[in-house]
Amino acid sequence: MKNEHIPFDMLSDLYDGLIATEEEKETLLDHIDSCPVCRLEYEKLRKTISLMAELRKEEFDLRELSTNTIALQKHRARRRAFMKAMPAIAASLLIVFGGYWMTTRDPGGSNSITITDPRGQMGNTEKIVTIVRDQKGKIVKLTDAYVEGEIELKKFMKLRRGLGHKGFQKVNYRISTGSGPAAGGQKHIWRKGIENVGAGDIPPGNQVSSPTGSQKKYIRFRVYK
Amino acid sequence: MSDKSEVKNGDIDLEVIDRVLAGNTEAFSDIIERYQEMTFRYVYAQFHNYDDALDITQEIFIMAINALATFRRESKFSTWLYSIMVNYCKNYRKKKNRYSVVSLNIVKGEEEFDIQLPDHRENPEADVITQDSLRIVKEEINKLPDDYREILLMRDVEGLSYNEIADILLIKLNNVKVRIHRGRELLKNRLSDRGLI
């Protein structure tokens, strides 16, 4: 290797003890001894690595590092745990305070809406309305006490039977003539008292025959709940 | 470090790891104290800012604590820690611009003086010649390409083996050799140009 110089890679491997065989290593060392260029290069490599190794001897003031690192890690772990629990905590608070609000609010206050349950009366009203409409009658008025309607006279018998079967036996009625549902302004005179009705004919004396025979007769009635 | 002391330290590391995983986080301070110099030195060589290096070193150890359950014990703990360190620094570098020395430009008349403030926290007890040599070496290491600097710090400063470096960087042994050769040659030429060798 007298006319050749050792490539830098081989010098580096030689330094790190990575030359494959002892024989090859000896050859390289012999050359380095005899070649000033390679000897200089090898020496520069050795000094470079030696200077870098000196950096390892540097000392730093790291006295607080361990304590601070552990403290910071614990703080972050606590914060992570809290953030993870946040949705559950928020939901729990919502349930607790929502329940408290619901139980303590004033139902009769000016801003509160009181909803009573007229389920019984409403159910009766619906039943009556259904029965009347099934017989092609018309609903004129709805009150808490009664449902007022109007129906052709000839259909009233069937309506009475239907109402009676469903338990609505208190009916008051009057008969009117006219061209349809009572015209506005006509004064209605109701029978005195509320009649218990059921299956059967309209009581005599209340039947009015049409003077022309062509106009429909209507009976206005009130079904008491 | 001798093989025997390395084995002993390795056993101590595993014992500490078991205690930490059992819930004793404080025990990790033993590991921090054993590896803080190595970690800080590497980080400081990468970023050349003492305070940043402290913060980053702290973050690296916190990351190690949090990931401790994933340490499979197939390699040395120091190798595993080094992997975390190298990757953290790479990611950090992507986000931040690094800078070497603090400099002040003072204009005096028509001349401009560039004053470099030495960081006395490094080694206040060292004599001036050694400190100056080290300063030059650090400057030149800083100028190296990132992958050469990183591998020379591992090999020639910390003394990691080629196989350990290959495991940390997840590259082939041959690539480790090539990078070491090129890094050393580049650094050698630059230190020679500056008259240090």
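Within every chain, residues take consecutive numbers counted from 1 along the sequence as written. The naming scheme follows written order: chains are lettered A onward, ligands numbered 1 onward. Where totals are concerned, whole chains, interfaces and linings use all residues; where local detail is concerned, this predicted model gives features only for residues with pLDDT of at least 70, and gives and counts side-chain atom pairs only at 80 or more. Only heavy atoms go into the side-chain values, all of them from the structure, while hydrogens and water stay out.

Participant: Talk me through the overall build of chain A; I want residue IDs and the actual numbers.
Facilitator: A tally of regular secondary structure across chain A gives six helices and five strands. Here a strand is any run of E in DSSP of at least two residues, a helix any run of H or I of at least four, and the numbering for each starts at the N terminus. Starting at the N terminus, the α and β elements of chain A follow one another as α-α-α-α-α-β-β-α-β-β-β. The burial tally for chain A puts 35% of its 225 residues in the buried class. A fraction of 68% describes how many contacts in chain A between residues 6 or more apart in sequence connect residues 24 or more apart. Method for areas: the Shrake-Rupley scheme with a 1.4 Å probe, in which residue coverage is limited to the protein chains shown. Roughly 14900 Å² of accessible area belongs to chain A as shown, and the carbon and sulfur atoms make up 54% of that amount. Partly exposed residues are those whose accessible area sits between 20% and 50% of the maximum for their type, while under 20% is buried and over 50% is exposed, using a 1.4 Å probe and protein chains only. Here, residues are in contact when the closest pair of their heavy atoms is within 4.5 Å.

Participant: Describe the packing of aromatic side chains, listing the residues and the values that go with them.
Facilitator: Aromatic ring pairs are defined here through the distance separating the ring centres and the angle between the ring planes. All names here are of chain B. Aromatic pairing here means that ring centres of Phe, Tyr or Trp (its six-membered ring) are within 6.5 Å. Orientation follows from the plane angle: under 30 degrees is stacked, over 60 is edge-to-face, and everything else is tilted. Enumeration over the complete set of coordinates arrives at 14 aromatic pairs over all chains. Look at Y44 and Y50: their rings are 6.0 Å apart centre to centre, the planes differ by 70°, and that puts the pair in the edge-to-face class. Each of the two residues, Y44 as well as Y50, counts as buried.

Participant: Give me the interface of chain B and chain A: which residues, what numbers.
Facilitator: Contacts between the two partners involve 46 residues from chain B and, on the opposite side, 34 residues from chain A. What counts as buried area is the accessible surface, traced by a 1.4 Å probe, that two parts surrender upon association, with contributions from both included. Looking only at chain B, the three residues that lose the most surface to chain A are H181, R184 and K188 of chain B, adding up to 15% of its buried area. By salt bridge we mean one thing: a side-chain nitrogen of Lys or Arg within 4 Å of a carboxyl oxygen of Asp or Glu. Our count for the chain B to chain A interface comes out at seven salt bridges. K74 of chain A serves as the salt-bridge partner of E26 of chain B, at 2.3 Å between the closest nitrogen and oxygen. Listing elements by their share of the side of chain B that touches chain A, those giving two or more residues are α2 (28-47), α3 (50-66), α5 (128-143), α6 (146-157) and α8 (173-193) of chain B. Classifying every residue of the side of chain B that touches chain A by side-chain character gives 20 nonpolar, eleven polar and 15 charged. Only Asp, Glu, Lys and Arg are considered charged, only Ala, Val, Leu, Ile, Met, Phe, Trp, Tyr, Cys and Pro nonpolar, and every remaining residue, Gly among them, polar.

Participant: For the pattern of salt bridges, give the residues involved together with the corresponding values.
Facilitator: Opposite charge on two side chains makes pairing possible when the charged atoms of those side chains draw close. Per the counting criterion, the structure on display carries 27 salt bridges over all chains. For E158 of chain B, the salt bridge is made with R56 of chain A, and the minimal N-O distance between the two is 4.0 Å. With E158 of chain B in the loop between α6 and α7 (162-169) and R56 of chain A in the loop between α3 (36-54) and α4 (65-104), this pair bridges two chains. Since its relative accessible area comes to 6%, E158 of chain B is described here as buried. Residue classification places R56 of chain A among the partly exposed positions, given a relative accessible area of 40%. Through salt bridges with shared partners, a single ionic network connects D132, R135, E139, E140, K143 and R194 of chain B.

Participant: Describe unusual backbone geometry, with residues and values.
Facilitator: A positive phi is found at K136 of chain A, a non-glycine position, where the angle reads about 65°. By the secondary structure assignment, K136 of chain A is in the loop between α5 (119-134) and β1 (138-142). Backbone geometry at H48 of chain B places phi at a positive 55°, although glycine is not the residue there.

Participant: Got a sec to walk through the confidence of the model for chain A? Specific residues and values, please.
Facilitator: Residues and elements named next belong to chain A. Looking at any residue, its pLDDT shows the predictor's confidence there, from 0 to 100. Summarising the model, chain A shows a mean pLDDT of 78, and 72% of its residues fall at 70 or more. In the model of chain A, strand β4 (residues 195-196) stands out as the element of lowest mean pLDDT, 58, in contrast to helix α1 (residues 8-15), which has the highest, 96. In the predicted structure, residues 109-117 sits below a pLDDT of 50 and forms three contacts with residues beyond four places in sequence or in another chain. For residues 198-213, every residue scores under 50 in pLDDT, and the model assigns this stretch 26 contacts once sequence neighbours within four places are set aside.

Participant: Which residues make up empty space enclosed by the protein, and what values do they have?
Facilitator: Grid points spaced at 1 Å and placed over the protein atoms alone form the basis of the search, with a cavity being a set where a 1.4 Å probe fits but cannot get out and a pocket an open set showing protein on both sides within 12 Å along at least five of seven lines. Lining residues have an atom within 4 Å of a point. Grid points are joined across faces, edges and corners, and a volume is the space filled by probe spheres set on the points. Tallied over the entire structure, the rule returns one cavity of 30 Å³ or more. Considering only enclosed or pocket space, the largest cavity measures out at about 70 Å³ in volume. Forming the walls of the largest cavity are L55, E58 and F60 of chain A together with R41, Y44, A45, H48, K138, I141 and L153 of chain B. Listed by contribution, the elements that provide at least two residues to the lining of the largest cavity are α2 and α5 of chain B. Counting residues per element, the lining of the largest cavity draws most heavily on α2 of chain B, which supplies three residues. Of the residues in the lining of the largest cavity, the class split is six nonpolar, one polar and three charged.

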